[in-house]
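Inside the fold
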Amino acid sequence: AVGTIMGPRGTIIKEIQNETGARIFVDKDEQQGSNERLVRLHGSLEQISKAKATILQHLDEWKRNHGIGGEGGGEAEVTEFVPVPRASTGFLIGSGGSSVSQMQVETGARINIAQ
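Residues numbered from 1 in each chain as written. Predicted model: local features only at pLDDT ≥ 70, side-chain atom pairs only at ≥ 80, totals over all residues. Heavy atoms only, no water.

1. Some points on the nonpolar core
What counts here: We call a set of buried residues a nonpolar core when its members are Ala, Val, Leu, Ile, Met, Phe, Trp, Tyr or Cys and they connect through side-chain atoms within 4.5 Å of each other. The buried label goes to any residue with under 20% of its type's maximum accessible area, the exposed label to any with over 50%, and the partly exposed label to all in between, with areas taken from a 1.4 Å probe on protein chains only. By definition, any uninterrupted DSSP run of H or I lasting at least four residues is a helix, any uninterrupted run of E lasting at least two residues is a strand, and each is numbered from the N terminus.
Core analysis: the biggest nonpolar cluster contains eight residues, these being Ile 13, Ile 16, Ala 22, Ile 24, Val 26, Ala 51, Ile 55 and Leu 59. For this core, the secondary structure elements donating two or more residues are α2 (11-20), β1 (23-30) and α3 (45-65). The leading source of residues in this core is α3, at three residues.

Here it is, written out as structure tokens:
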């Protein structure tokens, strides 16, 4: 699926960078223990948001073309890492995990906070 983002000779990734202003870096090696490669986005929040949305559109198209995700292909599932100051992790987790549990129920996303 990384080829979907890269395109022949990197044409798609260059196009996404030109359209969004974000810089995109794709790790050459897969993440340990998975078949995924890390895609790093650098730019303003708006640039990163646009680049991420475009990348997810390309992944959804790839899934539809390869019959992945059932009818209509579904949305691409991604893992995202958000840097959070150590001092605020307790607040995010909440008493007995209540805050993070509530966020998971409300969003449908699985949230893991490393301690």
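2. Observations concerning α3
Note the cut-off: Between the first and last residue of a helix there are one fewer steps than residues, each counted as 1.5 Å, and that sum is the expected span.
An ideal rise of 1.5 Å per residue puts 30 Å on 21 residues; α3 measures up with 30 Å between its terminal C-alpha atoms. For α3, the complete set of buried residues consists of Ala 51, Thr 54, Ile 55, His 58, Leu 59, Asp 60 and Lys 63.

3. Structural notes on the environment of Val 39
Test applied: Two residues qualify as a contact provided that any one of their heavy atoms is within 4.5 Å of a heavy atom in the partner residue.
Residue position: Val 39 is located in strand β2 (residues 37-42). Taking the relative accessible area as the measure of exposure, Val 39 reaches 27% and is therefore partly exposed. C-alpha separation for the pair Val 39 and Val 26, spaced 13 residues apart in sequence, amounts to 4.5 Å. Ignoring anything within four residues of it in the chain, the contact list for Val 39 reads Ile 24, Phe 25, Val 26 and Ile 55.

4. Focus on α2
As a reminder, the rule being used: Arc definition: directions from the helix axis to the C-beta atoms.
Buried residues of α2: Ile 13, Ile 16, Gln 17 and Thr 20, and no others. The arc that holds every buried residue of α2, seen down its axis, measures 100°, which confines them to one face. Residues Asn 18 and Glu 19 are exposed on α2 and point more than 90 degrees away from its buried face. Note on α2: the residue one or two positions beyond its end, Gly 21, has a positive phi of about 85°.

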